[in-house]
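Structural features, examined
So the chains spell out like this:
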Amino acid sequence: MKPLTTEQIRAVIAKGKFRDNLFKAVGVFCLAFALLVIVALIADMLIKGSERFTLDFFLNFASRRATQAGILSAWVGSLLVMLVTALAAVPLGVAAGLYLEEYAKRNWITNIIEINITNLAAVPSIVYGLLALGIFVYQFGFGQSILSAGLTLALLILPIIIVATREAIRAIPAMIREGSMAVGATRWQTCRYHIVPYAMPGILTGVIIGLARAIGETAPIITIGALTFIAFLPPVPFSEIDGGATAGMFDWVMSPFTVMPIQIFNWTSRPDPAFEVNAAAAGFVLMAMVLSMNAVAIYLRYKMRKNIKW
Amino acid sequence: MQIHDTPALKAEARNLNFYYSEKQALKGINMPIYDKKVTALIGPSGCGKSTYLRSFNRMHDLYPGNRYEGEIRFFPDNTNLLSPDVDPIEVRMRIGMVFQKPNPFPKTIFENVAYGLRVRGENNKRTLDDKVEHALKGAAIWDEVKDRLQDMAPNLSGGQQQRLCIARALATDPELLLFDEPTSALDPIATGAIEELVHELKKRVTILIVTHNMQQAARVSDYTAYMYLGEMIEFGKTDQIFIKPNDKRTEDYITGRMG
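Within any chain, residue numbers begin from 1 and follow the written order of that chain's sequence. The lettering of chains begins at A and the numbering of ligands begins at 1, in the order of writing. Local features in this predicted model are restricted to residues whose pLDDT is 70 or higher, and side-chain atom pairs enter the listing and the counts only when it is 80 or higher, whereas totals over whole chains, interfaces and linings include all residues. Neither water nor hydrogens contribute to the side-chain values; these are computed over all heavy atoms in the structure.

1. Focus: the overall build of chain A
Put simply, DSSP H or I for four residues or longer makes a helix, DSSP E for two residues or longer makes a strand, and each gets a number counted from the N terminus. Counting secondary structure elements, chain A contains 11 helices and 0 strands. Element order for chain A, N to C, with α for helix and β for strand: α-α-α-α-α-α-α-α-α-α-α. By its C-alpha atoms, chain A is 95 × 60 × 35 Å across when sized along the principal axes. Categorising residues by exposure relies on relative accessible area from a 1.4 Å probe, with only protein chains included: less than 20% of the type maximum marks a residue as buried, more than 50% marks it as exposed, and the intermediate range marks it as partly exposed. Each of the 310 residues in chain A was classed as buried or not, and the buried ones make up 43%. Throughout, a residue-residue contact means that at least one pair of heavy atoms, one from each residue, lies within 4.5 Å. Looking at chain A alone, contacts between residues at least 24 apart form 77% of all its contacts between residues at least 6 apart. Entry remark: accessible area of chain A is about 17000 Å², with carbon and sulfur atoms responsible for 69%. By the counting scheme adopted, Arg and Lys are positive, Glu and Asp are negative, and His together with the chain ends is not counted. To locate a charge, take atom NZ for lysine, CZ for arginine, CG for aspartate or CD for glutamate. When the 24 basic and 16 acidic side-chain charges of chain A are each reduced to a single mean position, those positions are 13 Å apart. Values of accessible area rely on a 1.4 Å probe in the Shrake-Rupley scheme; residue burial ignores everything except the protein chains shown.

2. Considering a nonpolar patch on the surface
All names here are of chain A. Judged by side-chain polarity, Met1, Leu4, Ile9, Val12 and Ile13 come together as a nonpolar surface patch covering roughly 570 Å² of accessible area. Of note, isoleucine 13 is situated in helix 1 (residues 6-49). Judged by its relative accessible area of 46%, isoleucine 13 is partly exposed. Exposure above 30% relative accessible area and no salt bridge define the residues that can form patches, which grow by joining like charges within 9 Å and nonpolar side chains of Val, Leu, Ile, Met, Phe, Trp and Tyr within 5 Å. Salt bridges are defined as contacts in which a side-chain nitrogen from Lys or Arg sits within 4 Å of a carboxyl oxygen from Asp or Glu.

3. As for the nonpolar core
Counting residues in each nonpolar core, the largest one holds 76 residues, and the members touching the most others are A:Ile71, A:Val81, A:Ile221, A:Phe257, A:Met260 and A:Trp267. When contributions to this core are tallied by element, the ones reaching two or more residues are helix 3 (72-103), helix 5 (125-139), helix 6 (146-170), helix 8 (187-215), helix 9 (219-224), helix 10 (260-268) and helix 11 (274-305) of chain A together with helix 3 (109-119) of chain B. Residues within four places of A:Phe257 in sequence aside, it is in contact with A:Val81, A:Gln144, A:Ser145, A:Ile146, A:Ala149, A:Ile221, A:Ile224, A:Ala226, A:Leu227 and A:Ile230. Side-chain atoms within 4.5 Å link the members of a nonpolar core, which is a set of buried Ala, Val, Leu, Ile, Met, Phe, Trp, Tyr and Cys residues. One finds B:Leu197, B:Val198, B:Leu201 and B:Ile254 within the second-largest nonpolar core, a separate group that totals 45 residues.

4. Topic: the domain arrangement of chain A
All names here are of chain A. Its domain assignment divides chain A into domain 1 (6-52) and domain 2 (55-305). Each of domain 1 and domain 2 has a C-alpha centre, and the two are 34 Å apart. Contact residues are listed per partner, giving 8 residues for domain 1 and 12 residues for domain 2. Buried area is understood as the total, over both parts, of accessible area removed when two parts are fitted together, assessed with a 1.4 Å probe. Interface area for domain 1 against domain 2, summed over the two sides, is near 900 Å², with a carbon-plus-sulfur share of 77%. Where a domain begins and ends is set by an automatic assignment or by a domain database.

5. Points about helix 6 of chain A
Side chains of residues three or four places apart in an α-helix project in the same direction, reflecting 3.6 residues per turn. Residues and elements named next belong to chain A. Here the expected length of a helix is defined as 1.5 Å per residue gap, with one fewer gap than residues. Between its first and last C-alpha, helix 6 extends 35 Å over 25 residues, near the 36 Å set by a 1.5 Å rise per residue. Note that bend, as reported per residue, equals the angle between axes fitted to the 7 residues terminating at that residue and the 7 residues originating from it. Maximum bend of helix 6: about 45 degrees, positioned at isoleucine 157, with proline proline 159 one to four residues after it. In terms of residue burial, helix 6 counts as a mostly covered element, since 20 of its 25 residues are buried.

6. Focus: the sheet that holds strand 9 (residues 223-228) of chain B
Residues and elements named next belong to chain B. Pairing in this open sheet of 6 strands is mixed, and the strands run 6-7-8-3-9-10 from one edge to the other. A strand with exactly one partner marks an edge of an open sheet, and here the two such strands are strand 6 (95-98) and strand 10 (231-237). Sheet twist, expressed as the mean angle between neighbouring strand axes with direction ignored, is 15 degrees. Bridge analysis of strand 7 (residues 176-180) against strand 8 (residues 206-210) gives 5 bridges, and the strand direction is parallel. Note that in strand 8 the partner of aspartate 180 across the bridge is valine 210. Relative to the sheet, helix 6 (residues 158-170) contacts strand 6 and strand 7, its axis offset from that of strand 6 by approximately 170 degrees. A pair of strands is labelled paired if DSSP reports no fewer than 2 bridges between them. As a rule, the C-alpha atoms of each element are fitted with a line to give its axis, helices using only the stretch in contact, and angles between N-to-C directions run from 0 to 180 degrees.

See below:
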């Protein structure tokens, strides 16, 4: 083969560069499309719902009149359900991930467990709802309560947290683990002083992604029977309730509730178009809740990662 | 080698075999480790010197499928370090290790050194302060870090990190200190500092050091063992090994004809 002339080399480079630019253009287009969709969605809800963004909207219970209806019980319900979900799913998920990465022997049982976890992540959320209806609501007698909803969503996001935990742990170099074991630490000491703290940024990201998924879930919550019209809040711990009694520390977990997505769903299915405005406004608030959770996750991860390097 | 000034034994490998699952990595190793001396392990890559070193503190127990045969006797109590009845954690509490690449924890300088003590349940501030200072002095890094003990350890230079890792190992007063090519990731000046330190440390502790650098073995060690393909080819005083090796294979390696 004869060596290429300068012109030929330039022609080859020009061809290559053309393809570079072509791909760049396609990439920018795809990105812009994705971005545009979300911006359009948010803007649409914001404009449609703009007349409802008053303090009353956040402080009013549901009502038959659209202009007086608010999301108080919904956002309080969502926050409380998330609290239960996090309290149940985070310790379970982190412990399970830690066990699988640091303690479990590699054998067929662990393999089955691993395949199972992957499959769990793919189970449709309504199926979790059915399971929870049978187990939490009836079998355990938790009823249609915040507790039932929180535990259901905890099951739903457990695989996400387990996988995130395992990945964060796997990113820790073996030499850190060996360095700890070499001074005579036990597995538990190594986990407590090193593995868990160093994996924390990754775990946290997984937790928030999971919670962001859970806060928007509707199907399993409807299945277990959350109310769509609710005009009271769960009892505040140690506050006075009807009949002069005092609410217990955890009475609120057994309270009926509603959550944001259900409130939105309820409003969109009303014949009166005025409720569409409420739905759009509530949708925007839900979106804001999810985005601010993500923002907190990013900030915390950035802060924690600053001090972890090897 | 029956010499009248043979020092006391600190450890002795007896017919040691080691397997990574099916693959045999160490073959019938017999070798003494003398008390308060520096013993160097040399040999080409893959000869099993690191595998051998990591048998002493049972590092292989961390991974599944590894198997030992034979014994490593540890003195004065004549424990078999490899016995299934001996807890690897107890072994690691008595035998310290410094790794090939400096591996400080992403914590403060102080916490890195104090870690071994904390693991042993020591939480008294005074005791920790004293022992951390003593260990850092022992590792010849005290003067460089004494004013910034609360700084993050990974911000130190590579050579300082490695001396910090030595301090971490020293803090718990090990009887035997294992060095796995401790200078392979360091520049010549940092390497010199570590070698000097090894020389200083042998007054207090027995040292076993793996190195792929023959000059280093000649400079720092009292005894040298040449390993090849998982076997111990020759063991002797460093002078003898380097000046007048008995085995042809040792000579080939040392003179650079092989490896």
